[in-house]
Each structure stands twice: as structure tokens, then as C-alpha cells.
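Architecture at a glance
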Amino acid sequence: MIVTTKKLFEAAYGKYAIGAYNINNLEQTMGLFRGNLMSNAPFIIQISRGSRDYTDKEMMQALITAADKIFPEAIFAVHLDHGDEATCYDCIDSNFYSSVMIDASSESFEDNIATTKRVVDAAHAKGLVVEAELGQLGGVEEHVNVSESGAKLTDPLKAKEFVERSGCDSLAVAIGTSHGAFKFSGSQSLHFDVLAEIQKQLPGFPLVMHGSSSVPQEEVERINKAGGKLLGAKGVDANQFKRAAELGVTKINIDTDGRLVWTRVHREYFLEHPEVFDFRKPGKIYMDEYAKFIAAKNEKLGSANQLEEVRKLVGK
Ligand code: G3H
Ligand code: 13P
Ligand code: ZN
């Protein structure tokens, strides 16, 4: 059942974080639903512009609608990840999405507020909620590429002003993470001091942590052993999620780790079975492995075993 992101935030705030997982295809969709049900967790499906363009935006909608029928016990929200203004309006008009992210973080403070406010007005008129971003994460995604030296941590006082003036419903904050598989070069780590200050300025307000894949070293080693070349890949320590949740982080974004599972499964499978060309064989393994990965991640986020509480809250 698709619910509003706002309800999930109400259930989780200060206690745990909801896993926001990026998906792009059928195998991820199946693994995602199975993993969340295995761990009895509410979740957020994230669709990026890259995902909408990988096949067609209608395809992602159709896959999720089918999964909702196959798994009627699941409770989840559908969220546009890193939207530009035009894509936000498209999603708001689709009557399918629960929430959108307007990512105007590369604009000036004033322009970021103005753009976010326009999207907020359009979204609220249709009952959707809006995530905005202040500060800049480092790293690479399809539409954004920020060098680590260009990354900027969120200023807590500006965060308060930004939320008040833009009317956004949740805020993505830059506290040291970056997108992709190569985080924390040098001695960087999460800036909990900055996060605590943001929470002090915005008590009770849902914060979002992007770039939160853990990039497990075991996964990287298996990929490299099977022919990959991911040198120096590093991620966020998942044992820090609960501390972040206590400080107001209510949504934690994970994409890269799921891609690493896909890469490991396929590299290992075809290396071990060079005679096979039936892609359904590694595809099935991937669905199982992705489901196990999601269930394990939800334990770290604290969202595992929260499904029944959320069901009561949404009254279904
Ligand atoms: O933060 C960005 C997500 O990882 C989406 O990546 O734009 O390559 O789909 P993408
Ligand atoms: P990762 O690259 O760490 O998985 O971050 C994903 C993300 O922030 C999606 O918006
Ligand atoms: Zn992101």
C-alpha cells in the first residue's frame, strides 16, 4: 500500500530511520519488496531521473503497481530522488508519487529557496510533500557531479531560515557523506556535531541523509576477485545510522550498495559458469541477495519490525 512519506516520518522521527532505496528494474523491485517484508519494515522507494529514463517512467510505475498487488502487506512511499523543477511537476501531476525531492542545492541560497517554494506550493496543493536540499554533498550521480573539495556542509542557522521560508517538509543535509562508492577520502567522517546543531535549530523536523551506502569491503573484494576494478571504494559505517536517527535523520538514502550486490552476483555467476547465457539464473540469485541485503540494512536503520506499528498509524 502506497502511503504518504509524511506518515512514515511521523512514525519514525527520533526513533529510527526509514530506508530509502533507489531502484531501476524488475529484479530490484522484487528483491526490495521481499526484503522489506522479510524484515517487517516500512520503506521508501526512490526513483531518480536516471531511473525514469533507463526504460520509461511508465515502466517504473507499472512495476511498482504490480509489486503492490503481489505484496499487499507492504507499506511504502514512492519518492522522486534529486528532481529538477520540471520533473517534480511531472511527478506531482502523475497522481502516483507520495513525495518529491527538489534538488536546487547548486543554486544560490535565495534561488534555492525560491525554486523550492514554487515546488512546495504545487505539491501541497495536491497533497504531496517535498524534500529539499541545503549544502552540497560530494560525489557522482547521473545528473550531479560535485568534487569533494566543492562539497559544502549544511549551515545549521541557514537550515532553519531555509525551512521557514521555503515551506519544505523535510531537508537533505550535507554532514560529510557523498554519493557513490568512493566516500571519505582522507580522514573525513560523519559530522554529528553539525547534525546535532541542525536538530537544535529544527526540533522535530525530519532530516535526510543522502550518500549513505556502506560499500562493504567484503563486497568490494568479491567484485575485484571476480574481475572488477573498484580500487579504494569506501562507505558510511551503518552502525552510525541509529545515532543519526536520534538526531532527527528520518530517511536514509541507499543506492550504491544495491548496485554492488548486482555487480558481485553477475560477475561471480558468469565467471563460475562461462557456458551459461540464461540471464534468469543470476537474476534469481540477485533477487534473493538483494532481499537479504535490504533486510540486513533495515536492522541497522532500526526500521525492521516496525511495520505493524506503522499499519496501526495509517489505519489499515
Ligand atoms: O543520489 C543519486 C542516486 O544514487 C541516483 O543515481 O542518478 O545514477 O540514478 P542515478
Ligand atoms: P549512495 O550513493 O551512497 O547509495 O547514495 C544514494 C543517494 O543519496 C540517493 O539519493
Ligand atoms: Zn542523493
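Scroll up to find the structure.
Rules used in this analysis
- Residues numbered from 1 in each chain as written.
- Chains lettered and ligands numbered in written order.
- Predicted model: local features only at pLDDT ≥ 70, side-chain atom pairs only at ≥ 80, totals over all residues.
- Heavy atoms only, no water.
- Donors = N, O, S within 2.8 Å, 3.2 Å for Na, K, Ca; no water.
- Tetrahedral: all angles 85-135°; square planar, octahedral: opposite > 155°, others 65-115°.
- Helix = DSSP H or I, 4+ residues; strand = E, 2+ residues; numbered from the N terminus.
- Buried < 20%, exposed > 50% of the residue type's maximum accessible area, 1.4 Å probe, protein only.
- Salt bridge = Lys/Arg side-chain N within 4 Å of Asp/Glu carboxyl O.
- Near = heavy atom within 4 Å.
- Polar contact = N/O pair within 3.5 Å; in protein donor to acceptor, adjacent residues only side chain to side chain.
- Areas by Shrake-Rupley, 256 points an atom, 1.4 Å probe, with all protein chains shown as cover.
- Nonpolar A, V, L, I, M, F, W, Y, C, P; charged D, E, K, R; others polar.
- Contact = heavy atoms within 4.5 Å.
- Pairing = 2+ DSSP bridges.
- Axes fitted to C-alpha atoms, helices over the stretch in contact; angles between N-to-C directions.

Distances from the zinc ion (ligand 3) to its protein donors, His82 (NE2), His179 (NE2) and His210 (ND1), fall within 2.1 Å. Because the angles between the 6 donor atoms bound to the zinc ion (ligand 3) fall within 68 to 166 degrees, the donor set is best described as irregular. For the zinc ion (ligand 3), the single-chain donor residues occur in sequence as H-x96-H-x30-H. Here His210 lies in the loop between strand S10 (207-209) and helix H9 (217-225) and His82 lies in strand S3 (residues 76-83), a separation of 128 residues in the sequence. When its relative accessible area of 6% is taken as the criterion, His82 is described as buried.

Another point: the pattern of salt bridges. Here the structure, examined in full by the defined rule, presents 23 salt bridges. A salt bridge links Arg264 to Glu289, with the shortest nitrogen-to-oxygen separation between them at 2.9 Å. With Arg264 in helix H11 (residues 256-272) and Glu289 in helix H12 (residues 280-301), the pair connects residues that are 25 residues apart, well separated along the chain. One network of salt bridges, with partners in common, ties together Glu219, Arg264, Glu289 and Lys292.

Lining the immediate environment of ligand 2, one finds 15 residues, of which Asp81, Lys183, Ser213, Asp255 and Thr256 sit closest. The contact in question runs from an oxygen atom of ligand 2 to an N or O atom on the side chain of Asn253, over 3.1 Å. One nitrogen or oxygen atom from the main chain of Asp255 is found 2.7 Å from an oxygen atom belonging to ligand 2. Notes on ligand 2: free accessible area 310 Å², of which the protein chains cover 96%. Residue assignment for the shell around ligand 2 shows that the elements contributing at least two residues are S3 and strand S11 (249-254). In terms of residue class, the shell around ligand 2 is made up of 1 nonpolar, 11 polar and 3 charged.

Residues Phe192, Val194, Leu195, Ile198, Gln199 and Gln201 constitute the buried set of helix H8 (residues 192-201). The secondary structure elements touched by the buried residues of H8 are helix H7 (156-166), strand S8 (170-173), S10, helix H10 (241-246) and S11.

Take the sheet that holds S3 next. Strand order around the closed barrel formed by 8 strands is S1-S2-S3-S4-S5-S8-S10-S11, with parallel pairing between neighbours. Each strand of the sheet is rotated relative to its neighbour by a mean of 25 degrees, with strand direction disregarded. Note that strand S4 (residues 99-102) and strand S5 (residues 129-134) share 4 bridges and pair parallel. Across the sheet, the residue bridging to Val100 is Val130, located in S5.

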